[in-house]
Amino acid sequence: MTLRDMDDPAVPSRDGMIARGLGRSYGDVSMNPSLTLVGTGRNRILSFDEKTGQLTAQGGLSMAEILEVFVPRGWFPPVTPGTKFVTLAGLVAVDAHGKNHHIHGSFGDCVSWFDLQCADHVVRRCSRTENTSLFNATLGGCGLTGNILTVSLALLAVPSAFIVQRTLPAPDLDAAIEIFETHQQATYSVAWIDCLATGAARGRSLVLLGEHAGAADLSGTNAGNPFYFQKRKAKRMPFDAPSWALNRYTIRAFNHLYYRAGSTGPEQRIVDYDTYFYPLDAIHDWNRLYGRQGFAQYQCAFPLAASRDGLIALLDEISAAGLGSFLAVLKRFGPGAHERPLSFPIEGYTLALDFALSPGALTLMTALDEIVCRYGGRLYLAKDSRMTQATFEAGYPDGLATFRALRDTSGAAGTFQSLMSKRLSL
């Protein structure tokens, strides 16, 4: 694979080029063997308004760097995914969502503007009022409209670096959905879900609600210094787990113990933002838990009216296959951004799963695709590595023609290409 720094002059080959950030997408969305531009060197903060929280920075600035600089000053990203090792340009490219989509929407909703280097080498300022079509197509467009050079967004003022976390056990899927629906005023909500439980326990979950902790919520040292906490020392998975380590029996046992611990522990506690938002970042190379064969992440979303039935069908298919995921996450989406052709969130529920790669897992995911299509759902491009063009087109029917037309007329189709764009004929 040919790698070039984004600041170097780059002439695409006949197979095009694509930009890449910190490489946290799970599939081939930012891969082009002919030419891949690495943007992480462009990570300067260009300006910050201490009164409004408006931050303007180069696209290679990471969420980790933003947190390090601005949380001690009382500012927090208004939308963050489950890892902080992602760049601003990457967040724009996938229109990332977090645990607060039902209130604050996706990352594009906090972006004021960005500068996009287009196929004709012209850098265009894109916003809701300027180059609007490019603005909307780039949010979720997976880098296929141009190179995102600079991003300006508004940070959120927060009273501390801590979160008031409530853990609400749900004995089954209906109970979990009811908790989400009756706690839509909660700023953050996410659930771990047991995807192997069957019968009356099908879909049992631990729903974690979160609010930014104020002075009255803190005690001791934290009350006197609300923006300081002892950062976790990251651990590293030192070896590839044996292929037999993750199976239906070990995952079922883990899920049972995890649910029991969450159900019997304290309902409310104060945790730092790192613990609440980025639990997996505490383990470097955590993917090695799945062994040398690796894993595939599968994330889908269902429209609200079809969410319950769609989720039940998925859980039944997964439990029947016996290929459960111990990193299964359920979230409630608010209204999606319909003007953004490839933005993933739609109002309803989204389920994210990890499967150790095997012939059986690939067969299972194909069956899950059929269920997602049957209930009007879609898959997340940022995490996909194997869906077919037919599955993709079924999930994104409304804006796909518009997106393809924009790529054709702007010259982006011949310039910005990835393995994913070729696989899905984008």
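Preceding this paragraph is the structure being described.
Here the structure is a predicted model, which is why all the values come from computation and not from measurement. (Residues numbered from 1 in each chain as written. Predicted model: local features only at pLDDT ≥ 70, side-chain atom pairs only at ≥ 80, totals over all residues. Heavy atoms only, no water.)

Undergrad: Help me understand unusual backbone geometry, please; the structure alone is not making it clear to me.
TA: Note: most peptide bonds trans; most residues except glycine with negative phi. Of note, the phi angle at aspartate 95 is positive, near 45°, even though the residue is not glycine. Tracing the backbone through its elements, the reader meets aspartate 95 in the loop between helix H2 (88-94) and helix H3 (101-104). On the accessibility criterion, aspartate 95 (0% relative accessible area) is buried. Not every positive phi belongs to a glycine, and histidine 121 is a case in point at roughly 75°. Relative to the helices and strands, histidine 121 is located in the loop between strand E7 (111-117) and strand E8 (123-127). The class for histidine 121 is exposed, based on a relative accessible area of 56%. (Helix = DSSP H or I, 4+ residues; strand = E, 2+ residues; numbered from the N terminus. Buried < 20%, exposed > 50% of the residue type's maximum accessible area, 1.4 Å probe, protein only.)

Undergrad: How should I be thinking about the environment of glutamate 370 in this particular structure?
TA: Looking at where glutamate 370 falls in the secondary structure, it is placed in helix H10 (residues 359-374). In the structure, glutamate 370 is positioned 47 residues away from glutamine 417 in sequence and 27 Å away in space, judged by C-alpha atoms.

Undergrad: Help me understand the sheet that holds strand E12 (residues 188-193) in this model?
TA: The strands making up a sheet associate through backbone hydrogen bonding, with each pair oriented either parallel or antiparallel. A sheet is described by the order of its strands in space; here eight strands give the open sequence E15-E11-E13-E12-E18-E19-E17-E20, paired in antiparallel fashion. Each edge of the open sheet carries a strand with a single partner, namely strand E15 (268-272) and strand E20 (378-379). In the sheet, strand E17 (residues 295-303) pairs with E20 via two bridges, with the strands oriented antiparallel. Bridged to alanine 301 within E20 is arginine 378. In the packing of helix H9 (residues 304-321) onto the sheet, the strands contacted are E12, E17, strand E18 (329-333) and strand E19 (348-356), and the crossing angle to E17 comes to about 150°. The sheet contacts of H10 involve E17, E19 and E20, and relative to E17 the element is tilted by about 10°. (Pairing = 2+ DSSP bridges. Contact = heavy atoms within 4.5 Å. Axes fitted to C-alpha atoms, helices over the stretch in contact; angles between N-to-C directions.)

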